[in-house]
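As a plain string of letters, each chain reads:
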Amino acid sequence: MTAKTHTVEKIGGTSMSRSQELLRTVLVGDRRGPELYNRIFVVSAYGGMTDALLEHKKSDEPGVYALFASAESGWQWGDALSSVASKMVEKNAEIFPDAATREQADKFIRERIEGVRSCLIDLSRLCSFGHFQLEAHLLTVREMLSALGEAQSAFNTALLLNQNGVNARFIDLTGWRQDGELPLDEHIARQFSGVDFATELPIVTGYAQCAEQLMKTYDRGYSEVTLSRVAVVTGAKEAIIHKEFHLSSADPKLVGSDKVQVIGETNYDVADQLSNMGMEAIHPRAAKSLRQAGIPLRVTNAFEPDHPGTVIMSDLAPKTPGAEIITGLKGVFALEFYDQDMVGVKGYDTKILEALTRHKVWIISKTSNANTITHYLKGSMKAIKRVEADLAQAFPTASTTLRKLSMVSAIGRDLGGVRILPRAIAALDEAGIEPIGLTDMIRKVDLQVLVEEKDFDAAIIALHKGLVEERAERKARADIRRVA
Ligand SMILES: Nc1ncnc2c1ncn2[C@@H]1O[C@H](COP(=O)(O)OP(=O)(O)O)[C@@H](O)[C@H]1O
Ligand SMILES: N[C@@H](CC(=O)OP(=O)(O)O)C(=O)O
């Protein structure tokens, strides 16, 4: 492996669904001969496939996994798996108009699906005896099912590129019919040994089977973790994430493509804040690996291959301070813990944190005063109710209240000295929104505003207008004055 000559590039699920367009942009485009190589592609499952295999990422609608895991749904998972199979075959037909190649793609995925189906039937029978607990195997089931999505997209993409005269090589990290599990880095190193980056184009499954169990540690969005580890292990010069849109100053679907700006450049500090807010920018652990290895990350629009997109690096100070992005999260639980006995006593925080860790609840942020600690959380209602029950038992004199809110955040490398707080309040006020809570950190990288769920969209639009659009207008006016 030659260090620092190649890039590792991930294509997200939404973009993968537009395979033919990708051929004309990031996969091939105008590249000829050697220009095609020294790139590694890590691909996600086609949009909607993982949702159908596991559960819907946003609505939680059950997929094959959720049906298999729930005792009440009996054998419904079998029908759900058949419908994923049909969906996959339909996708193959869309990508491969010629019968022979389509047959190759269908045969590949059918064999995998039927292999998983018979395995699940056996497991289900075995567990019906009572000596074997289904619970103990659910994570493996989740992994087997999600691997199907990335196996299909990677296999197909390699096939499609071969058809188009590119020497693409399918790199299957899913561990299909492999003995034993290796740690992720070792697994990657082995699968890449003997690959010549200068003459072969590796198309890698975004799902990787490994001793750490990708789904257990990282859950959904795991293909960005695979991207980052492949980049680190192979010594890439840059990691690239190709998405449906540019990384923009707000969600273009919500604020409007004409109003948002491409971020252009930012640092890993901002990337961390975005991940914390659940922004589909980059998986938190992926950013960490890349930052630690000193590998820059680029986020591009998969369908605008000539645009450099946004570069994320560690030491990238902003030219001017101000908000770079407005993002937000719906369905945030504010768990308020109140105990008058708390004043001057330590240890409450530790106990709450233990309960939150035990029930695997994601902490977005927290605030506290003399007798109240409020955690803003993302997780299932079931898990949070369990946290409340644990706390009621540990602190009989305390009371907890739970509220479902939205959190909207203005994020930037440097929010200092530009009157972010009064501007944000004025923008919200103008839109008729009264914040329920607001946190302005001393370390000026983010401003968090809590609003009612119904105000989510309007709050993002208002903050974008007040903090990003107006700042751009002020800058434009200043530039004109300078020239005049
Ligand atoms: N600030 C933002 N910039 C770009 N896209 C955003 C932003 N905020 C939210 N999005 C949304 O993220 C979505 C893409 O994320 P995702 O579906 O995870 O992509 P992929 O499947 O390519 O990984 C887009 O539909 C877009 O509406
Ligand atoms: N397909 C997987 C892994 C992934 O990272 O997908 P995406 O790149 O589309 O977020 C999922 O939905 O979780």
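Residues numbered from 1 in each chain as written. Chains lettered and ligands numbered in written order. Predicted model: local features only at pLDDT ≥ 70, side-chain atom pairs only at ≥ 80, totals over all residues. Heavy atoms only, no water.

### Some points on helix α8 (residues 184–192)
Here comes step 1: Among the residues of α8, Leu184, His187, Ile188 and Phe192 are the ones counted as buried. What you see down the axis of α8 is that its buried residues fit within an arc of 120 degrees, all on one side.
Here comes step 2: In this structure, the buried side of α8 is in contact with β2 (39–43), β3 (168–171), β4 (201–205), α9 (214–217) and α10 (223–234).
Here comes step 3: Taken from the residues just after α8, Gly194 is the one with a positive phi, measuring 90 degrees. (Buried < 20%, exposed > 50% of the residue type's maximum accessible area, 1.4 Å probe, protein only. Helix = DSSP H or I, 4+ residues; strand = E, 2+ residues; numbered from the N terminus. Arc of directions from axis to C-beta. Contact = heavy atoms within 4.5 Å.)

### A short note on the side chain of Thr101
Here comes step 1: Note on placement: Thr101 falls in helix α6 (residues 99–127).
Here comes step 2: For Thr101, a relative accessible area of 7% translates into the label buried.
Here comes step 3: Residues in contact with Thr101, not counting those within four places in the same chain, are Phe96, Leu159 and Gln163.

### Observations regarding the sheet that holds strand β1 (residues 7–11)
Here comes step 1: Sheet architecture is open: eight strands sit in the order β3-β4-β2-β1-β5-β7-β8-β6, paired in mixed fashion. The open sheet has two edge strands, β3 and β6 (265–267), and neither has a second partner. Pairs of neighbouring strands in the sheet enclose a mean axial angle of 20 degrees, with direction left out of account.
Here comes step 2: For strand β7 (residues 297–301) and strand β8 (residues 310–313), the ladder comprises three bridges, and the chain directions are antiparallel. Within β8, the position partnered with Val299 by the bridge is Thr310.
Here comes step 3: Docked against the sheet, helix α2 (residues 19–27) engages β1, β2 and β5 (238–243), running at close to 145 degrees with respect to β2. (Pairing = 2+ DSSP bridges. Axes fitted to C-alpha atoms, helices over the stretch in contact; angles between N-to-C directions.)

### Looking at the site of ligand 1
Here comes step 1: Every one of the 18 residues lining ligand 1 counts as a neighbour, but Thr14, His246, Ser248, Asp251 and Lys253 are closest to it.
Here comes step 2: In this structure, an oxygen atom belonging to ligand 1 sits 3.2 Å away from a main-chain N or O atom of Gly13.
Here comes step 3: A distance of 2.9 Å separates a nitrogen atom of ligand 1 from a polar backbone atom of Ser248.
Here comes step 4: Out of a free accessible area of 570 Å², ligand 1 has 86% covered by protein chains.
Here comes step 5: Looking at the shell around ligand 1, the elements that each hand over two or more residues are α1 (13–16) and α11 (252–255).
Here comes step 6: A class-by-class count of the residues in the shell around ligand 1 yields six nonpolar, six polar and six charged. (Near = heavy atom within 4 Å. Polar contact = N/O pair within 3.5 Å; in protein donor to acceptor, adjacent residues only side chain to side chain. Areas by Shrake-Rupley, 256 points an atom, 1.4 Å probe, with all protein chains shown as cover. Nonpolar A, V, L, I, M, F, W, Y, C, P; charged D, E, K, R; others polar.)

### Topic: the site of ligand 2
Here comes step 1: Around ligand 2, the neighbouring residues are Lys10, Gly12, Gly13, Ser44, Ala45, Thr50, Lys57, Glu150, Arg220, Gly221, Tyr222 and Ser223.
Here comes step 2: Backbone polar atom of Gly13 to an oxygen atom of ligand 2: 3.0 Å apart, as the coordinates give it.
Here comes step 3: Here an oxygen atom of ligand 2 and a backbone polar atom of Gly221 are 2.9 Å apart.
Here comes step 4: Protein chains bury 86% of the 340 Å² of accessible surface belonging to ligand 2 in isolation.
Here comes step 5: Tallied by class, the residues present in the shell around ligand 2 amount to two nonpolar, six polar and four charged.

The values are spatial; any link to function lies outside them.
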